Amino acid sequence: MDIEILRQSVSTNLNQIDCILREDIQNLTKNYKIELKSLSKIIGIDYTWLKEFMDGKDYTLDFFNNSRNLNENINNSNIPNPSYLSNMVYMLSDGILIVNEDDRIKAVIDLLISEFEIKYESLAIYAKLELEDVQNFMNDTNSISIEKKYKLAVASLFLHYLCKK
């Protein structure tokens, strides 16, 4: 296959993906009232690039074209990684609706345990709950009261926030 035909095919596919991504971002701004400036801060990409992308002046293809070394672009805030941008837009719009609240808290707790080696006992202390409450929640989210879930959620999310900083 001729290399130019291959390039054109890839370019066409990426341009179609860009159109879909632009539409997803427009839906995010319309349905969730997230402005482009906020989105750029949430995702960690340059606002000017995002604005130009939304205006059709910039393309995610630039992510691949502007770098000889792909690793350079992954850390370049001016040109976002297309899959990261797409995944974040998806999670901010549809992903939040797919995963229920209890499962989100369980995921945060699992991350605190796996990444930071925080113990259930520590979570219980921070949440002002009994160790059994945390263990019961992790085994069956419906086994503890809403009030206890709330305490556990607030403590877990705050710890996650502190640990991620």
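Along each chain, the written sequence defines residue order, and numbers are assigned to residues from 1. In keeping with the predicted nature of the model, local features appear solely for residues at pLDDT of at least 70, side-chain atom pairs appear and are counted solely at 80 or more, and the whole-chain, interface and lining totals rest on all residues. With hydrogens and water set aside, each side-chain value is computed from the structure's full complement of heavy atoms.

**Quick look at the packing of helix α8 (residues 120–127) against helix α10 (residues 146–164)**
- Only the stretch in contact is used when fitting a helix axis, every axis being a line fitted to C-alpha atoms; angles between N-to-C directions are given from 0 to 180 degrees. Helix and strand assignments follow DSSP, with helices taken as H or I runs no shorter than four residues and strands as E runs no shorter than two, numbered in order from the N terminus. Across the interface, α8 lies against α10 with an axial gap of 8 Å and an inter-helix angle of 110°. The angle between the axes of α8 and α10 places the two elements in the roughly perpendicular class. Here α8 and α10 pass one another in a crossing that is right-handed. Judged by residue contacts, Leu123, Tyr126 and Ala127 of α8 engage Lys151, Leu152, Ala155, Ser156 and Leu159 from α10.
- By the convention adopted, Pro, Cys, Tyr, Trp, Phe, Met, Ile, Leu, Val and Ala count as nonpolar, Lys, Arg, Asp and Glu as charged, and the other residues, Gly among them, as polar. For the contact of α8 with α10, a count of residues per class yields six nonpolar, one polar and one charged. Working definition: roughly parallel below 35 degrees, roughly antiparallel above 145 degrees, roughly perpendicular at 65 to 115 degrees, and oblique for all remaining angles. Two helices crossing with the near one rotated counterclockwise from the far one by less than a right angle form a left-handed crossing, whereas a clockwise rotation gives a right-handed crossing. Note on definitions: a residue-residue contact is assigned when non-hydrogen atoms from the two residues lie within 4.5 Å.

**What to know about the pattern of salt bridges**
- Throughout this description, the term salt bridge denotes a Lys or Arg side-chain nitrogen within 4 Å of a carboxyl oxygen of Asp or Glu. All chains considered together, the criterion is met by four salt bridges.
- Residue Lys149 is joined to Asp102 by a salt bridge in which the shortest nitrogen-to-oxygen separation is 2.9 Å. Note that Lys149 is positioned in helix α10 and Asp102 in helix α7 (residues 101–116), a separation of 47 residues in sequence. In this structure, Lys149 and Asp102 share a single accessibility class: buried. Burial classes follow relative accessibility: with a 1.4 Å probe on protein chains only, a residue under 20% of its type's maximum area counts as buried, one over 50% as exposed, and anything between as partly exposed.

**Regarding the nonpolar core**
- Residues Ile105, Ile109, Leu112, Leu123, Ala127, Phe137 and Leu152 are the most contacted members of the largest nonpolar core, which totals 17 residues.
- For this core, the elements supplying multiple residues, two or more each, are α7, α8, α9 (131–139) and α10.
- Joining through side-chain atoms within 4.5 Å is the link that ties buried Ala, Val, Leu, Ile, Met, Phe, Trp, Tyr and Cys residues into a set, and such a set is a nonpolar core. If you look at the next biggest cluster of nonpolar residues, it comprises 15 residues, including Leu21, Ile25, Trp49 and Val89.

**Side note on the confidence of the model for the protein chain**
- Here the protein chain averages 83 in pLDDT, and 78% of its residues register 70 or above.
- pLDDT is a residue-level measure of predictor confidence that goes from 0 to 100. When mean pLDDT is compared element by element in the protein chain, α8 scores highest at 98, while helix α5 (residues 70–74) scores lowest at 48.

**Looking at the packing of aromatic side chains**
- Stacked, tilted and edge-to-face pairs are distinguished by plane angle, under 30 degrees for stacked and over 60 for edge-to-face with tilted covering the rest, among Phe, Tyr and Trp rings (Trp via its six-membered ring) whose centres lie within 6.5 Å. Within this structure, the stated rule accounts for two aromatic pairs.
- For the ring pair Trp49 and Phe53, a centre distance of 5.0 Å and an interplane angle of 10° mean the geometry is stacked. Within this pair, Trp49 and its partner Phe53 are both found in helix α3 (residues 47–54), separated by four residues, close to a single helical turn.
- You can call Trp49 buried: its relative accessible area is 4%.
- Above the ring of Phe53, the side-chain terminus of Arg22 is found at 4.2 Å from the ring centroid.
- Note on criteria: charge over ring means Lys NZ or Arg CZ within 6 Å of the ring centre, with the direction from the centre no more than 35 degrees off the ring normal. The ring of Tyr47 carries the charged tip of Lys37 above its face, separated from the ring centre by 4.9 Å.

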